[in-house]
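# Analysis of the macromolecular model
Chain residues, written in single-letter form:
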Amino acid sequence: MITEANDIILPLEFSGTAQLLLFTRYDDPRVAGWENKWVMNWKVEQLHPWFPEKEIKIHKHFWPILHDAFSALEKSGLYKEIKTYHRCYQLAQLPESPVLSVHSWGAAIDLNAEDNPFGSVGAWSEDFITIMADNGIFCGQKWTGSREPMHFAMVDG
């Protein structure tokens, strides 16, 4: 029986705020059968023919949020800022860390990676980031530590 909060030992893989939230809601993405339960193939081009990839693997709870954001970007004409797709669902750890990337849950997408490299200020317009945020998507361009402006996720961090 756990008697104090100090008795809880958090595995390093889930030690980030976003990772802990995703682990708490959706379990460990490395567990057998996890992908079948939570990840889907989204044929993006059917709803957003301008998107640079025909189909992506994405978390079932992230795709409707991203779809709504893409629809809002279309209405404003800002979807044209998206030039390339890098990744969405991919089991991976953060660089030089045991912590799992949010991509391990399919809860993040990297866009325009070449124009928005890790550590850069980022090239997204403020209006673009505002539309994404208004639809519940956080951008790494707004982080206060090491920025990752290519990164958009349904959790912050």
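Keep in mind the model is a prediction, meaning the values are calculated, not measured. (Residues numbered from 1 in each chain as written. Predicted model: local features only at pLDDT ≥ 70, side-chain atom pairs only at ≥ 80, totals over all residues. Heavy atoms only, no water.)

### Examining the environment of Met 150
Under the convention used in this document: Comment: elements are numbered from the N terminus, with helices defined as DSSP H or I runs of at least four residues and strands as E runs of at least two. Any two residues whose heavy atoms approach within 4.5 Å are treated as being in contact.
Mapping Met 150 onto the fold places it in strand S6 (residues 148-153). Here the alpha-carbon distance between Met 150 and Leu 21, two residues 129 residues apart in the chain, equals 21 Å. Filtering out sequence-adjacent residues up to four positions away, Met 150 remains in contact with Ile 109, Asp 110, Leu 111, Ala 113, Asn 116, Pro 117, Phe 118 and Trp 124.

### What to know about the layout of surface pockets
This is how the line gets drawn: Any residue with an atom within 4 Å of a point lines the site, the site being either a cavity, points on a 1 Å grid over the protein atoms alone where a 1.4 Å probe fits but cannot get out, or a pocket, an open set with protein on both sides within 12 Å along at least 5 of 7 lines. Grid points are joined across faces, edges and corners, and a volume is the space filled by probe spheres set on the points. The nonpolar class holds Ala, Val, Leu, Ile, Met, Phe, Trp, Tyr, Cys and Pro. Asp, Glu, Lys and Arg form the charged class, and all remaining residues, Gly among them, are polar.
Taken as a whole, the largest pocket encloses approximately 310 Å³ of empty space. Lining the largest pocket are 20 residues, with Leu 94, Pro 95, Ser 101, Trp 143 and Glu 148 sitting closest to its centre. Listing elements by their share of the lining of the largest pocket, those giving two or more residues are helix H1 (17-26) and S6. No other element matches the three residues that H1 contributes to the lining of the largest pocket. Looking at the lining of the largest pocket residue by residue, the class counts come to eight nonpolar, ten polar and two charged.

### Notes on the side chain of Gln 141
Selection criterion: Residue burial is assigned from relative accessible area. The probe radius is 1.4 Å, only protein chains are included, and a residue is buried under 20% of its type maximum, exposed over 50%, and partly exposed in between. Polar contacts here mean pairs of N or O atoms no more than 3.5 Å apart (in protein, one a potential hydrogen donor and the other a potential acceptor; neighbouring residues in sequence count only if both atoms are side-chain atoms).
Relative to the helices and strands, Gln 141 resides in the loop between strand S5 (138-140) and S6. With relative accessibility at 9%, the residue Gln 141 sits in the buried group. At 3.2 Å, the side chain of Gln 141 forms a polar contact with the backbone oxygen of Trp 124. Filtering out sequence-adjacent residues up to four positions away, Gln 141 remains in contact with Asn 116, Val 121, Gly 122, Ala 123, Trp 124, Ile 129, Arg 147, Glu 148 and Pro 149.

### Focus on the packing of helix H4 (residues 63-76) against helix H5 (residues 126-134)
Quick note on the threshold: Comment: axis = line fitted to C-alpha atoms, over the contacting stretch for helices; angle = value between 0 and 180 degrees taken between N-to-C directions. Helix crossings fall into two classes, left-handed where the near helix is turned counterclockwise from the far one by less than a right angle and right-handed where it is turned clockwise.
Taken N-terminus to C-terminus, the directions of H4 and H5 make an angle of 145°; their axes are 9 Å apart at the nearest point. Here H4 and H5 pass one another in a crossing that is right-handed. In this structure, H4 contributes Leu 66, Ala 69, Ala 72, Leu 73 and Ser 76 to the contact, and H5 contributes Phe 128, Ile 131 and Met 132.

### Here's the deal with the pattern of salt bridges
Note the threshold: Salt bridge, as used here, is a side-chain nitrogen of Lys or Arg placed within 4 Å of a carboxyl oxygen of Asp or Glu.
By the definition in use, this model includes four salt bridges. With its nearest N and O atoms 2.9 Å apart, the salt bridge here joins Asp 28 to Arg 30.

### Details of the packing of aromatic side chains
Two aromatic rings, taken as a pair, are described by how far apart their centres are and by the angle between their planes. Quick reminder of the rule: Pairing of aromatic rings covers Phe, Tyr and the six-membered ring of Trp, with a centre-to-centre limit of 6.5 Å; geometry is then stacked below 30 degrees between planes, edge-to-face above 60, and tilted otherwise.
According to the stated counting rule, one finds twelve aromatic pairs in the structure shown. An angle of 45° between the planes, with centres 5.0 Å apart, marks the rings of Trp 50 and Tyr 79 as tilted. In this pair, Trp 50 is assigned in the loop between helix H3 (44-47) and strand S2 (56-59) and Tyr 79 in the loop between H4 and strand S3 (85-87), connecting sequence segments 29 residues apart. Looking at Tyr 79, the relative accessible area reads 22%, which means it is partly exposed. Seen from their ring centres, Phe 128 and Phe 152 are 5.8 Å apart, and the 65° between their planes marks the pair as edge-to-face. Here Phe 152 lies in strand S6 and Phe 128 lies in helix H5, a separation of 24 residues in the sequence. Overall, the relative accessible area of 0% leaves Phe 128 in the buried class. Residue class for Phe 152 comes out buried when judged on its relative accessible area of 0%. Members of the aromatic cluster, connected to one another through ring pairs, are Trp 42, Trp 50, Phe 51, Trp 63, Phe 70, Tyr 79 and Tyr 85.

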